[in-house]
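Architecture at a glance
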Amino acid sequence: MRPSSTLIALVLISAAVTVFTSVWWRDMSYFLLLMWLALAALTIADLVISNLAGRMTIDFDLPPQGFVGHTAAFTVGIRSQKGALSRKIEIRLDLAPELVVDEIRWLDPASGAGEGEVKASLDLHLTRRGRYAVNALWLKWPSRLKLLEIIAKMPVGKEIAVQPDISPVLSGAIKTQILPLEAGQKDLRLRGEGSEFHQLREFVSGMDPRSIDWKRSARMRSLVVREMRAERNHQIILCVDSGRLMAEQLAGFTKLDRAINAALAMCWGAGLAGDLVGFYSFDSRPRLFVPALPGRAAFPRLQTVCAGLRYETQETNHTLGLTHLSGRLKRRSLIVIFSDFVDTITAELMIENMQVLARHHFVVYVALRDPMLAKLIEPEETTLDAVARSVAARQILHERRAVMEKLARLGVLCLDSTPEALTSDLIARYIEIKSREMI
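From a predicted model like this one, the values you see are computed outputs, not experimental measurements. Throughout, residues of each chain are indexed from 1 in the direction in which the sequence is written. Where local features are concerned, this predicted model is filtered to residues with pLDDT of at least 70; where side-chain atom pairs are given and counted, the filter is 80 or more; whole-chain, interface and lining totals use all residues. The side-chain figures draw on all heavy atoms in the structure; neither hydrogens nor water molecules are used.

Turning next to the pairing of strand E9 (residues 148-163). Pairing between strands requires that DSSP locate at least two bridges from one strand to the other. Starting at the N terminus, helices and strands are each numbered in turn, a helix being any DSSP run of H or I of at least four residues and a strand any DSSP run of E of at least two. Two elements, strand E1 (residues 2-3) and E9, share two bridges in a ladder whose sense is antiparallel. Looking at E9, one finds that Arg2 is bridged to Glu149. Pairing analysis gives 12 bridges linking strand E8 (residues 130-142) to E9, with the strands arranged antiparallel. Across the sheet, the residue bridging to Trp138 is Lys153, located in E9. Linking E8 back to E9 in an antiparallel pair, the connection comprises five residues, with Lys146 at a positive phi of about 60 degrees.

Laid out in structure tokens, this is it:
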């Protein structure tokens, strides 16, 4: 509890009146004493009639988990009597810095709150993976006569587990993209072009005569053709760089979280397409290696592993990390590497080791492009600072383009995508690889 601005103003006015009266009318001390006593009595009466501690009940609710990049609603229900809630109540939370309060919404009483009850929902923005606590709830409201501000603190002690974002998987968006590989236009286009036998069909006019199986046609005494489709059961390794550069913020979230979200989406898509999926992470040294499993069986395991992946502060050692991965693989695989670089000089070791890896495997390199660079290239104002930033942004994009072109000449398929489009672009690139049987 603390004095309000109204009480402070009354005290200052009373003090001014006391000083002025004491100078000009020395026989007014009785009046001044009554004035101060009246102010003190008014304050005490305000405190007594505003004592809501025994008549207020507070409930709160927090979901046990949420997805990084999304919001979680912390709901507060306040019940009181005799219209005590008709005054404005301010709510504050004592919570971890990774949980950012975006907005406080007062819910409509008609939506479920009873008489003498108000509900508020505080949107917590989940910016990083991990377990974070909401420690305490602070309430502040004015007294009846608005002479005091009553402050109450209630312990909360609730935690929320922030997991990688798998909302594209739950919504069915990934399945919608992968479905044509199973039974749709792409599957029909692939028949007769793949390397895996699919089925026999009677020959009809318009089919390619080269697809006729002459031995089976002789046995069946009618022309039949062999339909082929793209090979399945490929081994896919999702390789995530968890070094210092990947811990940087990009469009509100770390690059590492963006890469993990895209990797889990691809794991689910590869499971639907019938491939095997493994996982590997490294920074200054190799960290985790999960052997390839059928995609649907690998997804829950990879989800658990990715949820516990730490944000490292050390520089990435591409030589050690990629050499270790190469030694763990016994068959040709599709390796998807999520990493980043600063300039062409720091990318030299990464390029050299990807060149060695690309001799035996099909490598896809995924990098995140900062959308702010495109805005800095063409500034709205032609100030000296804006021109300097534009030149620097052009140089960064030029060096990124040079690295991507060099990797492409080495046989590495490059994907330089924006954060928002990373997941959909990666799934589309995977479908293209499967369709053209590039593995």
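Quick look at the nonpolar core now. The set of buried Ala, Val, Leu, Ile, Met, Phe, Trp, Tyr and Cys residues whose side-chain atoms join them within 4.5 Å is what this entry labels a nonpolar core. Think of it in three bands: with a 1.4 Å probe and only protein chains considered, a residue is buried below 20% of the maximum accessible area for its type, exposed above 50%, and partly exposed in between. Ranked by size, the top nonpolar core spans 47 residues in total, and within it Leu238, Met266, Phe279, Leu302, Leu334, Val336 and Phe338 carry the most contacts. The biggest single contributor to this core is helix H7 (residues 255-272), with 11 residues. In contact with Met266, not counting residues within four places along its chain, are Ile236, Leu238, Leu334, Val336, Leu426, Ile427 and Tyr430. Leu62, Val68, Ala72 and Val76 belong to the second largest nonpolar core, which has 27 residues in total. Contacts are residue-level and defined by heavy atoms, with any inter-residue pair within 4.5 Å sufficient.

Turning next to the packing of aromatic side chains. Only Phe, Tyr and Trp rings take part, Trp by its six-membered ring, and two of them pair if their centres are within 6.5 Å. Stacked means planes under 30 degrees apart, edge-to-face means over 60, and tilted covers everything else. Applying the stated criterion across every chain, the model contains four aromatic pairs. When the centroid spacing of 6.2 Å and the interplanar angle of 15 degrees are considered together, the rings of Phe60 and Phe74 count as stacked. Pair noted here: Phe60 is in strand E2 (residues 57-61) and Phe74 is in strand E4 (residues 71-79), with a separation of 14 residues, a long-range link. You can call Phe74 buried: its relative accessible area is 0%. Residues Tyr280 and Phe282 carry aromatic rings whose centres are separated by 5.8 Å and whose planes lie at 20 degrees to one another, so their mutual orientation is stacked.

Moving on: the sheet that holds strand E7 (residues 117-126). Pairing is antiparallel in the open sheet, where four strands are placed in the order E2-E4-E7-E6. Strands with a single pairing partner mark the edges of an open sheet, and in this sheet they are E2 and strand E6 (99-106). Shown here is a sheet whose adjacent strand axes are inclined to one another by a mean of 20 degrees, direction ignored. Both E4 and E7 contribute to a ladder of nine bridges, which runs antiparallel. Along E7, the bridge assignment pairs Thr71 with His125. Axis angles are defined between N-to-C directions and span 0 to 180 degrees, where every axis is a line fitted to C-alpha atoms and, for a helix, only to the segment in contact.

Moving on: the sheet that holds strand E19 (residues 413-417). What the six strands build is an open sheet, ordered E16-E15-E12-E17-E18-E19; its pairing is mixed. The strands lining the two open edges of the sheet, one partner per strand, are strand E16 (286-294) and E19. Within this sheet the neighbouring strands show an average axis-to-axis angle of 15 degrees, counted without direction. Alignment of strand E18 (residues 362-368) against E19, held across five bridges, turns out to be parallel. The residue bridging Ala367 from the neighbouring strand is Asp416, located in E19. Across the sheet, helix H13 (residues 422-436) touches strand E12 (235-241), strand E17 (334-338), E18 and E19, and the angle it forms with E19 is around 160 degrees.

The next subject is the confidence of the model for the protein chain. In the predicted model, the protein chain carries a mean pLDDT of 82, and the fraction of residues at 70 or more is 87%. Segment residues 110-114: pLDDT under 50, and one contact once partners within four positions in sequence are set aside and those in other chains are kept. Counting contacts from residues 183-195, a segment whose pLDDT is below 50, to residues more than four positions away or on other chains yields 28 contacts. Residue-level confidence of the predictor is summarised by pLDDT, bounded by 0 at the bottom and 100 at the top.

Further remarks concern the pairing of strand E15 (residues 276-282). The element E15 is extensively covered by neighbouring structure, given that six of its seven residues are classed as buried. Bridging between E12 and E15 involves seven bridges; their strand directions are parallel. Of the residues in E15, the one forming a bridge with Ile237 is Gly278. Both E15 and E16 contribute to a ladder of six bridges, which runs antiparallel. Directly across from Phe279, in E16, lies its bridge partner Val290. Where E15 hands over to E16, the hairpin turn is made up of three residues, counted between the paired strands.

Moving on, we come to the environment of Met207. Take Met207: it is sitting in the loop between strand E10 (196-202) and helix H6 (214-220). Taking the C-alpha atoms as reference points, Met207 and Val225, separated by 18 residues in sequence, lie 8.5 Å from one another. If we skip the residues at most four places from it in the chain, Met207 touches Arg201, Glu202 and Val225.

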